[in-house]
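# Residue-level structure breakdown
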Amino acid sequence: MRVMSREKNIKIRVGMRVFLECNKGKKYTAKEICDFLNRVINSRQWLITPKGIGKLFNMDRCGTSTLLYPVKCEETNKGHRVYWIEKN
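Residues numbered from 1 in each chain as written. Predicted model: local features only at pLDDT ≥ 70, side-chain atom pairs only at ≥ 80, totals over all residues. Heavy atoms only, no water.

## Considerations on the nonpolar core
Met16, Leu20, Ile33, Ile53, Val71 and Tyr83 are the most contacted members of the largest nonpolar core, which totals 18 residues. If you list the elements that add at least two residues to this core, you get helix H1 (6-22), helix H2 (30-41), helix H3 (50-62) and strand E3 (81-85). Sequence-distant contacts of valine 71, that is, excluding residues within four places in its chain, are made with Met16, Leu20, Phe57, Arg61, Tyr83, Trp84 and Ile85. (Core = buried A, V, L, I, M, F, W, Y, C linked by side-chain atoms within 4.5 Å. Buried < 20%, exposed > 50% of the residue type's maximum accessible area, 1.4 Å probe, protein only. Helix = DSSP H or I, 4+ residues; strand = E, 2+ residues; numbered from the N terminus. Contact = heavy atoms within 4.5 Å.)

As structure tokens, this is what we get:
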């Protein structure tokens, strides 16, 4: 199993947080978040995947990092996870 580099981990989590903060109240699938991040980060070395988004979200929930603490997640009836930040 390949371990994600710290730099990649932070870039993805920060990008996800910024994307969802800018779109508060709207729910997005991991695929939609990945599409955005892959366009913005545009790394030739690695590609962000929905599976990677899910892993980072779960790691953030059970770890000491709280970068994604305001992000909510739920599974849809189609089996997809959606992520969002509540509107205040």
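Picking up after the structure, the text goes on.
## Regarding the sheet that holds strand E1 (residues 28-29)
Sheet architecture is open: 3 strands sit in the order E1-E3-E2, paired in antiparallel fashion. Edge strands, defined here as strands with exactly one partner in the open sheet, are E1 and strand E2 (71-75). Two elements, E1 and E3, share 2 bridges in a ladder whose sense is antiparallel. Bridged to tyrosine 28 within E3 is tyrosine 83. (Pairing = 2+ DSSP bridges.)

## Thoughts on the pairing of E3
Among the 5 residues in E3, 4 count as buried, and that is most of the element. Adjacent in sequence and paired antiparallel, E2 and E3 are bridged by 5 residues, among which glycine 79 carries a positive phi angle near 90°.

## Structural notes on the environment of arginine 17
Within the secondary structure, arginine 17 sits in helix H1. Judged by relative accessible area, which is 17%, arginine 17 ranks as buried. In this structure, the C-alpha to C-alpha distance between arginine 17 and arginine 81, residues 64 residues apart in sequence, is 16 Å. If sequence neighbours within four positions are ignored, arginine 17 has contacts with Thr66, Leu67, Leu68, Tyr69, Pro70 and Ile85. A polar contact of 2.5 Å, which involves the side chain of arginine 17, links it to the backbone oxygen of leucine 67. (Polar contact = N/O pair within 3.5 Å; in protein donor to acceptor, adjacent residues only side chain to side chain.)

In short, geometric facts, not functional conclusions.
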